[in-house]
Amino acid sequence: MAGSIATRAAYGAALIELAETHPELVVLDADLAQAVTTCKFAEKYPDRHFDMGIAECNMTGIAAGLATCGKHPFTNTFAIFATGRAWEQVRNSIAYPGLPVTVVGSHGGLSVGEDGATHQCTEDLNNMRVIPGMTVVVPCDGNETRYATEALLNLNAPSYLRLCRMAVDNVTDEIPGYKFELGKGFTMRDGGDATIIACGLMVQEALKAAGMLAAEGISARVIDMHTIKPLDEELVVKAAQETGVIVTSEEHNVIGGLGAAVCECLSLRCPVPVVRHGVEDCFGRSGAAKKVLAAYGLTAEVLADKVRYALTLKKS
Amino acid sequence: MEPKEIQKLAITATKGRLLGLSAIHRAASGHTGGSLSVMDILTVLYFHEMKVNPEQPRDPDRDRLVLSKGHCSPALYAVLALRGFFPVEDMQLFRSIDGHYSGHPDMVHVKGVDMSTGSLGQGLSAAVGMALAGKMDSKNYRVYAVLGDGELDEGQIWEAAMAGAKYKVDNLCAVVDYNKMQIDGITDDVMPLGDLHAKWAAFGWNVIEVDGHDYAALADALDQAKAAKGKPTVILAHTIKGKGVSFMERVFTWHGKAPNDEQYAQAKGELEAHLKQLEEEGK
Ligand SMILES: Cc1ncc(C[n+]2csc(CCOP(=O)(O)OP(=O)(O)O)c2C)c(N)n1
Ligand SMILES: [Mg+2]
C-alpha cells in the first residue's frame with residue numbers, strides 16, 4: 001500500500017467494508033461524523049447509522065442497549081469525549097455487563113493540532129485501560145487499523161479503539177510477515193542492544209530512531225504494541241531479557257498508558273530499566289500537528305536520545 | 001380490569017413488599033422507600049403487561065425492562081422471584097457476599113434482569129437502544145424503562161428523551177416513579193422538576209399521568225402507550241414513597257435505610273395483615 005493515510009480515515013473505510021459481511025455492525029455518532037469519517041458509512045447504510053447529536057453519554061448508553069439485542073455498535077467521537085465525558089457510561093453500561101461495543105476515540109493525542117489542549121486527549125489509554133475487561137488498541141497506520149477494526153468487531157466484548165487525525169505513513173504493509181493479532185505485539189525490527197516498544201504514530205518514529213541509532217552501531221529492536229490491554233507480556237519479558245533495557249514511546253501522558261503497562265508487567269517479571277517517552281504530564285497547545293508533536297518531544301530524534309540515555313542505565 | 005385481577009395483583013404486590021423488606025432487613029442495607037413506591041408499577045408490568053418467560057429469560061422476542069432507578073433492586077428481585085425467574089429463597093442472598101444479588105441489578109448473573117443499572121441517569125439510554133434494535137429487526141417486543149423522579153435531575157435522561165423522539169420509538173414506554181422525594185429531601189427542595197408533564201411533552205413524548213398505586217389505571221395507561229404511534233410514551237405515575245408501611249410513607253429518611261428488628265416486625269405485621277385481608281376478600 002505504502003503512501004499515507006490517517007487511521008481515522010482507514011477506519012471509516014474498514015467499517016463500510018465490514019458492514020457487508022457483519023449485519024450486527026451498527027454505527028453511532030455524536031455530531032462528528034465528518035471528522036471521524038463515519039459519514040460515508042451513514043450514506044451507504046442509513047438504517048444502521050444513528051447520529052445522537054452532541055450527547056456522548058447518551059450515545060454510549062444507547063450503544064449498550066443495542067448491544068443487549070445482538071448488535072455490535074461502534075460509538076464515535078473524539079477520544080477526549082469518548083473516554084472522558086462518557087467514561088462512567090463506558091464503565092457501568094458497557095464494560096460492567098460485558099457488552100460488545102467498540103468505543104472509538106478519534107483525534108487521540110497531541111496530533112489533533114490546531115484545536116489545542118481541550119481536544120488533545122493524552123489520557124484515554126489510562127482511562128480505558130483501568131476498566132476491567134476492556135481491550136484497548138492503538139493502531140499505528142491505515143493497514144493495521146483495518147485489521148484492528150475487524151478484530152474488535154469479532155471480539156464480541158467491550159473494546160476501545162484509539163485513532164488519530166493526522167495522516168501517517170503506512171509501515172506495516174512493508175514489513176515481510178506482518179500479521180495482526182489482537183493481544184500480540186509485532187516485532188517490526190530486530191535488535192539486541194535495547195528495545196523500543198511503541199504504539200500509534202510513535203511506531204513510525206521508532207523505526208526512524210532505530211535507523212539513526214544503527215548508524216552509530218546501536219542495534220535497537222522495535223515492537224509495535226498495538227494492543228495496550230491485554231498486554232503481550234511474553235513479548236515484553238522476552239525483550240527485557242534479551243536486550244536488558246526498554247524504552248516505551250506513545251502519544252499519551254507518560255502516566256497511565258503503554259509505558260505504565262510495560263512497567264507494571266516488568267516490575268514483577270523482569271525488572272530492567274524502562275524509560276518512558278511520551279507527553280510529560282502536561283497539557284498540549286495549538287499548532288500544526290507536526291509542530292506540536294515536535295514541541296513536546298514526540299519525534300524520532302528525541303526518542304533516539306531516550307534510547308542513548310537508556311543504554312547508560314543498562315545493568316551489565 | 002376485572003376486580004378479581006386487581007385483587008390478585010394487590011396480593012402479589014403485597015407479597016413483593018414483604019419479600020423486598022425481608023431482604024433489606026436481613027442484609028441490614030438497601031433502599032426501602034423507593035422499593036415500596038415502585039412495587040405496584042413493577043407488579044402490573046411483570047404480572048399483567050409484559051411478555052416474558054422465566055424458562056427462557058434471554059428470549060430475543062421477549063419484552064424488556066430497564067430498572068433505571070437501580071437502587072430499588074429489592075423490588076425488581078422480589079417481582080422476578082415471584083414470577084418464577086429464580087427461587088424466592090434467593091432473596092435472602094440480597095447484598096450478600098454469598099450470592100450474586102448485588103445492591104444494584106446485574107444482568108450477567110441475575111436471571112430476568114435485562115440491563116445492569118445503578119448509576120442513575122443511564123437506563124433510559126439503554127432502553128432507547130433496545131427499542132431501536134427492535135425497530136431495526138422488525139420485532140414486536142416492547143421496552144419499559146422505570147425511572148426515579150430524582151433521577152430526572154440527570155442530563156442524560158433528557159439526551160435520551162430527545163433521541164427517543166427523534167427515532168420515534170413507540171415500542172418504548174418509560175414509567176416515572178413520581179414519589180416527589182430523593183435522598184436529600186423532597187425533589188422540590190433538592191432540585192425542582194417544574195412541570196414534568198409539559199417538559200416531556202415538549203421533548204416530543206406522549207405523556208400520561210396516573211395514580212401509580214392503582215392497578216387498573218396503570219394497566220390502562222400501558223394500553224394507551226401501546227396504542228400511541230410515532231412517539232414514545234412516558235407514564236408519570238404518582239406514588240407515595242414508602243407505600244404500604246404506615247411509618248415509612250412520605251418520610252424521605254427511609255430512602256436508603258434498612259429497618260431494625262423492631263421496625264421490621266411492625267412493617268411485616270402491617271403488610272401481613274393487609275395480605276390476609278386481601279386474601280379473605282378474594283375468597
Ligand atoms: C449517578 C448517581 N448519582 C448518585 C447516586 C446515589 N443515589 C442513589 S438513589 C438516589 C436518589 C434517587 O432518587 P429517585 O430517583 O427519586 O429515586 P426513588 O425516590 O424512587 O428512590 C441517589 C442520589 C446514584 N445511584 N447514581
Ligand atoms: Mg423519588
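Cut-offs applied
Residues numbered from 1 in each chain as written. Chains lettered and ligands numbered in written order. Predicted model: local features only at pLDDT ≥ 70, side-chain atom pairs only at ≥ 80, totals over all residues. Heavy atoms only, no water. Buried < 20%, exposed > 50% of the residue type's maximum accessible area, 1.4 Å probe, protein only. Helix = DSSP H or I, 4+ residues; strand = E, 2+ residues; numbered from the N terminus. Pairing = 2+ DSSP bridges. Phe/Tyr/Trp six-rings, centres within 6.5 Å; stacked < 30°, edge-to-face > 60°. Contact = heavy atoms within 4.5 Å. 1 Å grid on protein atoms, 1.4 Å probe; cavity = no way out; pocket = protein on both sides within 12 Å on 5 of 7 lines; lining within 4 Å. Points joined across faces, edges and corners; volume = space filled by probe spheres on them. Nonpolar A, V, L, I, M, F, W, Y, C, P; charged D, E, K, R; others polar. Axes fitted to C-alpha atoms, helices over the stretch in contact; angles between N-to-C directions.

Caption draft 1: Geometry of the pairing of strand S7 (residues 159–162) of chain A. Residue and element names in this part refer to chain A. The alternating pattern of S7 places Ser-159 and Leu-161 and Tyr-160 and Arg-162 on opposite faces, both of which are buried. Summarising the sheet, strand S6 (residues 135–137) and S7 pair through three bridges and their orientation is parallel. Within S7, the residue paired with Thr-135 across the bridge is Ser-159.

Caption draft 2: The arrangement of the packing of aromatic side chains in detail. Residue and element names in this part refer to chain A. Counted under the stated rule, the structure contains 13 aromatic pairs over all chains. Pairing Phe-78 with Phe-81 gives two aromatic rings, centres 6.0 Å apart and planes at 20°, and the pair type is stacked. For Phe-78, a relative accessible area of 6% gives the class buried. Between the aromatic rings of Tyr-147 and Tyr-178, the centroid separation amounts to 6.3 Å while the plane-to-plane angle is 50°, which identifies the pairing as tilted. Highlighted residues: Tyr-147 in helix H8 (residues 142–155) and Tyr-178 in the loop between strand S8 (167–169) and strand S9 (186–189), separated in sequence by 31 residues.

Caption draft 3: Up close: the side chain of Glu205(A). Residues and elements named next belong to chain A. Locating Glu-205 in the fold gives a position in helix H9 (residues 202–215). Exposure remark for Glu-205: the relative accessible area of 15% places this residue in the buried category. With sequence-adjacent residues up to four places away left out, Glu-205 is seen in contact with Leu-298, Thr-299, Ala-300 and Leu-303.

Caption draft 4: Spotlight on the layout of surface pockets. Here the largest pocket is characterised by a volume of approximately 320 Å³. Along the walls of the largest pocket sit 22 residues, with His71(B), Leu120(B), Glu151(B), Gln182(B) and His255(B) positioned nearest its centre. Per-class residue counts for the lining of the largest pocket are four nonpolar, ten polar and eight charged. Here the second largest pocket defines a volume of roughly 260 Å³. Met166(A), Glu205(A), Lys208(A), Lys290(A) and Leu293(A) are the residues nearest the centre of the second largest pocket, which is lined by 16 residues in total. Those elements that provide at least two residues to the lining of the second largest pocket are S8, H9, helix H12 (289–295) and helix H13 (300–313) of chain A. For the lining of the second largest pocket, the residue count by class is eight nonpolar, three polar and five charged.

Caption draft 5: Quick peek at the sheet that holds strand S2 (residues 25–29) of chain A. All names here are of chain A. Across the sheet, seven strands lie side by side as S3-S2-S4-S5-S7-S6-S12; this open sheet has mixed pairing. Here the strands that pair on one side only, and so sit at the sheet edges, are strand S3 (49–51) and strand S12 (227–229). In this sheet, adjacent strand axes meet at a mean angle of 20° when their direction is disregarded. Those strands touched by helix H1 (residues 7–21) are S2, strand S4 (72–78), strand S5 (102–106) and S7, and its axis lies near 140° from that of S2.

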